[in-house]
Amino acid sequence: MEQKKVVMDAEGIDRSLTRIASEILEKNKGGEELVLVGIRTGGVFLAERLQKKISRIEGKEIPFGILDITLYRDDLSTSHRKPRLGKTDIPFSLDGRKVVLVDDVLFTGRTIRAAMDALIDFGRPKSIQLAVLIDRGHRELPIRADFVGKNLPSSLWQAVSVNLTEKNGKDEVVIEENA
Amino acid sequence: MKLSSKDILGIKELSVEEITLILDTAESFLEVSTREIKKVPTLRGKSVINLFYEPSTRTRTSFEIAAKRLSADTINISASTSSVVKGETLIDTAKNLEAMNPDLIVIRHSAAGAPHMLASLLRQSIINAGDGAHEHPTQALLDMMTIRSRKGRIAGLKVAIVGDISHSRVARSNIHGLTKMGAHVVVAGPATMLPRDVEKLGVVAHSRIAEAIKDADVIMMLRIQTEREKQNLFPSLREYAQYFSLNRTNIALAREDCIVMHPGPVNRGIEISPDIADGPHSVILDQVTNGVAVRMALLYLLTGGSNP
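In this text, all values refer to a predicted model and were calculated from it rather than measured experimentally.

> It is not clear to me how a nonpolar patch on the surface should be interpreted in this structure. Could you clarify?
Where nonpolar side chains cluster on the molecular surface, the patch consists of Ile91, Met117 and Leu121 of chain B and spans about 200 Å² of accessible area. Mapping Ile91 of chain B onto the fold places it in helix H3 (residues 90-99).

Right under this line is the structure:
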């Protein structure tokens, strides 16, 4: 049996991102030294949208980078099929910056571990914070998000996908039963 | 997607999809070499042996840097300082290396087919870094990467390869790769240096450089191996330079936006005049930079777990 349920629509996603943008500014007391880094592929468009919102509120452009974490994964030596490597593009120094990592779904926490290792190879950020649209639980590492769009309790056999206009033509968060 | 073979022995064995996968992966790897900390942990705990039976600076260093930037351990063995001088056969050397359990062996050998023999004998991945006059697949891949990044495509371009086609593994690998990717490849060189049935490889052969480079998008000059002079394949280096060098005059026949490539080491003033080698059309140093990225891509794609 396959069931598909929309748990967040376009307005919901936009309202969450607006709130997260404000929370990021509130926690960091403004946009000083702030940079956003989206994790490929799910986090990139969300980071871009957050950057627009924050830049509009602050009245100045907040730097925005893209991080591919493939080379830092912990399952490369156990799996034979290699994930396709995407481009990393962080065209500014991270030294002394407050970095907000952005991803779509927080699940086991392994992606975030890899992302933090990668960021630290790029320099010494003043702090690293994490913003996610969905936190679905089931952490395998001691990691939590600073900014969460929606907590979505899920079962391990369910699939949570964040669809975005830039990627699949429609803004929605869907939860599916996978047999 | 993954590569269909555990080894990279030649371009002839690769499909268009595999070549594209390697080039796309290599483009992503370019960025790692521009970082302040030029190292990623991807191949931590893997070891790569560079087994070089022929002299090499560029290719060996490039493989070594590629492996080190991926955190693999590298061991370099050159024939002159190994048990080869004591008469050990290639198979014995290889079996002994295998017993030390490396993950990947890069081999350059003067005998065509040496990497293929190792690939069939050993369970490790083998990368051919040049075997006789047969193939030099990583050179062709870095050349294709350079062409693609400069021209945005490979299909439909006119590529002229000029020089000693017969003895060139660079030419052979590039002919296989470029024709697969849809380029229009022409070759030129002295009649003694053109394989008799070169046109069976899908290229057009010319006896004059002018005919080959006319309207070319890409000109690939090959190194003339100066030791060939003794084999009477051409009367003198001076005469070769007069008829087959790329210079300020004849480059005007090519397209205005053409790129000039050379696999190195360059014999300045023989196959290419210094002002062209250093001029605005030259992408010779891009080729070297891209070489590291291509080799990182291959190491990444070939090493991995045994679980399917």
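> Would you mind showing me how to read the sheet that holds strand E8 (residues 218-221) of chain B here?
Strand-to-strand pairing in sheets goes through backbone hydrogen bonds, with the strands running parallel or antiparallel. All names here are of chain B. Pairing in this open sheet of 5 strands is parallel, and the strands run E7-E6-E5-E8-E9 from one edge to the other. At either end of the open sheet lies a strand with only one pairing partner, and these are strand E7 (204-206) and strand E9 (259-261). Along the sheet, successive strands turn relative to each other by an average axial angle of 20°, direction set aside. The pairing of E8 with E9 spans 3 bridges and is parallel. In the strand pairing of E9, Ile219 is matched with Val260.

> Before we go on, may I ask you to explain the side chain of Asp143 of chain B in this structure?
Assignment of secondary structure puts Asp143 of chain B in helix H5 (residues 137-151). Setting aside residues no more than four positions away along its own chain, Asp143 of chain B makes contact with Val170, Asn174, Met220, Met261 and Gln287 of chain B.

> Explain the interface of chain B and chain A to me, please; I cannot follow it from the model alone.
Interfaces are often sized by the accessible area lost when the parts come together. Every contact between the two is made by 24 residues of chain B and, on the other side, 18 residues of chain A. In total, about 2,000 Å² of surface goes out of reach between chain B and chain A, with carbon and sulfur atoms giving 53% of it. On inspection of chain B and its partner chain A, the count reaches 2 salt bridges. Across the pair Asp24 of chain B and Arg84 of chain A runs a salt bridge, and its minimum N-O distance is 2.9 Å. Applying the counting rule to chain B against chain A returns 7 residue pairs in polar contact (both at pLDDT 80 or more). Listing elements by their share of the side of chain B that touches chain A, those giving two or more residues are helix H1 (16-30) and helix H10 (284-302) of chain B. For the side of chain B that touches chain A, the element with the most residues is H1 of chain B, which contributes 6 residues. The class makeup of the residues in the side of chain B that touches chain A is 10 nonpolar, 7 polar and 7 charged.

> It is not clear to me how the environment of Val99 of chain A should be interpreted in this structure. Could you clarify?
All names here are of chain A. With respect to the helices and strands, Val99 occurs in strand E4 (residues 98-106). The buried category is assigned to Val99, whose relative accessible area is 0%. Along the sequence, Val99 and Val35 sit 64 residues apart, while their C-alpha atoms lie 5.0 Å from each other. The contact partners of Val99, leaving out residues within four places of it in the chain, are Val35, Val37, Leu94, Leu119, Pro125, Ser127, Ile128 and Gln129.

> Looking at this model, I keep getting lost on empty space enclosed by the protein. Mind explaining?
Any empty space left between atoms is shown by rolling a water-sized probe over those atoms. According to the stated counting rule, one finds 1 cavity of 30 Å³ or more in the structure shown. Residue lining of the largest cavity: Asp68, Leu71, Leu85, Gly86 and Thr88 of chain A together with Ser28, Glu31 and Arg35 of chain B, and that is the complete set. Taken together, the residues of the lining of the largest cavity break down into 2 nonpolar, 3 polar and 3 charged.

> Before we go on, may I ask you to explain the side chain of Lys151 of chain B in this structure?
Residues and elements named next belong to chain B. The residue Lys151 is located in helix H5 in this model. Within the structure, Lys151 has its side chain in polar contact with the backbone oxygen of Asp257 (distance 2.5 Å). Those residues in contact with Lys151 that lie beyond four places of it in its chain are Leu157, Asp217, Asp257, Cys258 and Ile259.

> What am I meant to see in the sheet that holds strand E7 (residues 158-163) of chain A here?
Residue and element names in this part refer to chain A. Strand order across the open sheet formed by 3 strands is E1-E8-E7, with antiparallel pairing between neighbours. Each of the sheet's edge strands pairs with one partner strand only, and the pair in question is strand E1 (4-8) and E7. Neighbour-to-neighbour, the strand axes of the sheet open up by a mean angle of 25°, direction not taken into account. Pairing analysis gives 6 bridges linking E7 to strand E8 (residues 172-177), with the strands arranged antiparallel.

> Is there a simple way to think about the packing of aromatic side chains in this case?
In total, this model carries 3 aromatic pairs over all chains according to the counting rule given. Lying over the aromatic face of Tyr300 of chain B, Lys82 of chain A brings its terminal NZ or CZ to 4.8 Å of the ring centre. The residue whose ring lies beneath Arg136 of chain A is Phe107 of chain A, and the NZ or CZ to ring-centre distance is 4.0 Å.

> Honestly, the pairing of strand E5 (residues 158-162) of chain B in this entry has me stumped. Any pointers?
Consecutive residues of a regular strand have side chains that alternate between opposite faces of the sheet. Residue and element names in this part refer to chain B. With respect to burial, E5 is a largely interior element, 5 of its 5 residues being buried. Sheet analysis places E5 next to strand E6 (residues 184-188), joined by 5 bridges and oriented parallel. Each bridged residue has a counterpart across the sheet, and for Ala160 the counterpart in E6 is Val186. After leaving E5, the chain enters helix H6 (residues 169-180) and then returns to the sheet as E6, a path that is right-handed.

> Would you explain the confidence of the model for chain A in this entry?
Reading fine detail from the predicted coordinates is not recommended where pLDDT is low. In this model, chain A carries an average pLDDT of 93, and 98% of its residues clear a pLDDT of 70 or more. Element-level mean pLDDT values for chain A span from 91 in helix H4 (residues 165-168) of chain A up to 98 in strand E5 (residues 127-135) of chain A.

> I would appreciate a short explanation of the layout of surface pockets in the present structure.
Residue and element names in this part refer to chain A. Its volume calculated, the largest pocket comes out at about 670 Å³. A class-by-class count of the residues in the lining of the largest pocket yields 6 nonpolar, 11 polar and 8 charged. Lining the second largest pocket are 27 residues, and of these Arg40, Ile69, Arg73, Asp103 and Thr111 lie nearest its centre. Take the lining of the second largest pocket: its biggest share by element is 5 residues, from helix H3 (residues 110-121). Tallied by class, the residues present in the lining of the second largest pocket amount to 9 nonpolar, 7 polar and 11 charged.

What counts as what
Residues numbered from 1 in each chain as written. Chains lettered and ligands numbered in written order. Predicted model: local features only at pLDDT ≥ 70, side-chain atom pairs only at ≥ 80, totals over all residues. Heavy atoms only, no water. Patch = residues over 30% accessible without salt bridge, like charges linked within 9 Å, V, L, I, M, F, W, Y side chains within 5 Å. Areas by Shrake-Rupley, 256 points an atom, 1.4 Å probe, with all protein chains shown as cover. Salt bridge = Lys/Arg side-chain N within 4 Å of Asp/Glu carboxyl O. Helix = DSSP H or I, 4+ residues; strand = E, 2+ residues; numbered from the N terminus. Pairing = 2+ DSSP bridges. Axes fitted to C-alpha atoms, helices over the stretch in contact; angles between N-to-C directions. Contact = heavy atoms within 4.5 Å. Buried area = accessible area lost by both parts, 1.4 Å probe. Polar contact = N/O pair within 3.5 Å; in protein donor to acceptor, adjacent residues only side chain to side chain. Nonpolar A, V, L, I, M, F, W, Y, C, P; charged D, E, K, R; others polar. Buried < 20%, exposed > 50% of the residue type's maximum accessible area, 1.4 Å probe, protein only. 1 Å grid on protein atoms, 1.4 Å probe; cavity = no way out; pocket = protein on both sides within 12 Å on 5 of 7 lines; lining within 4 Å. Points joined across faces, edges and corners; volume = space filled by probe spheres on them. Phe/Tyr/Trp six-rings, centres within 6.5 Å; stacked < 30°, edge-to-face > 60°. Lys NZ or Arg CZ within 6 Å of the ring centre and 35° of its normal. Right-handed = clockwise from strand over helix to strand, strands pointing away. pLDDT = per-residue confidence, 0-100.

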